[in-house]
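# Observations on the three-dimensional arrangement
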Amino acid sequence: MTSRDELFDDLAALHLAREGVDIGPMFGSEGLRIRGKVFAFRVKRGIIAKLPEERVSELDAAGRAERMIMRERAMREWVFVPDAASDLWETVIDEAFAFVDRITP
């Protein structure tokens, strides 16, 4: 296990202590979910998180994260934050939790 995996596991544990948060499958990985809706998950070279479109654009413009592309289509509310920007993970995961919690019944 790499230190980045350990970092994600530590951040995940903080959220798993919250009511309604669990882990479930997402694109062949394990994703953090609130009431069944994924808000962040670990991938081979970073994390992917669901954020408001404006925040995804802001992170993308800053150059330390990228709008997620799936099948040649830019995803409005999903951002990829690479291992090289792991210092952003805690903030991004916290923001993703708050966003998905707010929009999920």
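In what follows, the structure referred to is the one given above.
A few points on the structure.

## Describing the overall build of the protein chain
Broken down by element type, the protein chain carries three helices and six strands. Sequence-ordered secondary structure for the protein chain, helices as α and strands as β, is α-β-β-β-β-α-β-β-α. Here the protein chain has a C-alpha radius of gyration of 13 Å; the compact-globule value for 105 residues is 13 Å, and the two agree. Considered along the principal axes of its C-alpha atoms, the protein chain spans approximately 35 × 35 × 25 Å. The proportion of buried residues among the 105 residues of the protein chain is 43%. By sequence separation, contacts in the protein chain at least 24 residues apart represent 50% of the contacts at least 6 residues apart. Summed over its atoms, the accessible surface of the protein chain is roughly 6200 Å², and 50% of this surface lies on carbon and sulfur atoms. For the protein chain, the distance from the average site of its 16 positive side-chain charges to the average site of its 20 negative ones is 5 Å.

## Quick word on the nonpolar core
Counting residues in each nonpolar core, the largest one holds 25 residues, and the members touching the most others are Phe-39, Val-79, Val-81, Val-92 and Ile-93. Those elements giving two or more residues to this core turn out to be helix 1 (3-16), strand 2 (29-34), strand 3 (37-43), strand 4 (46-50), helix 2 (53-62), strand 6 (73-82) and helix 3 (89-103). Considering every element that reaches this core, the biggest residue donor is helix 3, with seven residues. Those residues in contact with Val-92 that lie beyond four places of it in its chain are Ile-47, Ala-49, Leu-51, Leu-59, Val-79 and Val-81. Core analysis: the second largest hydrophobic core is formed by eight residues, Met-26, Ile-48, Met-75 and Phe-80 among them.

## Thoughts on the side chain of Ser-29
Positionally, Ser-29 belongs in strand 2. In this structure the side chain of Ser-29 is engaged in a polar contact, spanning 2.5 Å, whose partner is the backbone oxygen of Arg-42. The contacts of Ser-29, once residues within four sequence positions are left out, are Gly-24, Phe-41 and Arg-42.

Conventions and cut-offs
Counting starts from 1 at the beginning of each chain's written sequence and moves along it residue by residue. Reporting of local features is limited, given that this is a predicted model, to residues whose pLDDT is at least 70; pairs of side-chain atoms are given and counted only at 80 or more, and all residues count toward the totals for whole chains, interfaces and linings. The basis for the side-chain values is all heavy atoms of the structure; hydrogens and waters are excluded. Helix and strand labels come from DSSP, where a helix needs a run of H or I of at least four residues and a strand needs a run of E of at least two; each type is numbered from the N terminus. Radius of gyration here is computed from C-alpha atoms only, and the compact-globule reference equals 2.2 Å multiplied by the residue count raised to the power 0.38. Burial status follows relative accessibility: with a 1.4 Å probe on protein chains alone, a residue under 20% of its type maximum counts as buried, one over 50% as exposed, and anything between as partly exposed. In this analysis, two residues are considered to be in contact whenever any of their non-hydrogen atoms come within 4.5 Å of each other. Note on areas: these come from Shrake-Rupley sampling with a 1.4 Å probe, and a residue is covered only by the protein chains present in the view. We count Lys and Arg on the positive side and Asp and Glu on the negative side, and we leave His and both chain ends out. For charged residues, the charge sits on one atom: NZ in Lys, CZ in Arg, CG in Asp, CD in Glu. Each nonpolar core is a collection of buried residues, namely Ala, Val, Leu, Ile, Met, Phe, Trp, Tyr and Cys, held together in the definition by side-chain atoms within 4.5 Å. In the analysis that follows, any N or O atom pair within 3.5 Å is treated as a polar contact, provided that within protein one partner can donate a hydrogen and the other can accept it, and provided that, for residues neighboring in sequence, both atoms belong to side chains.

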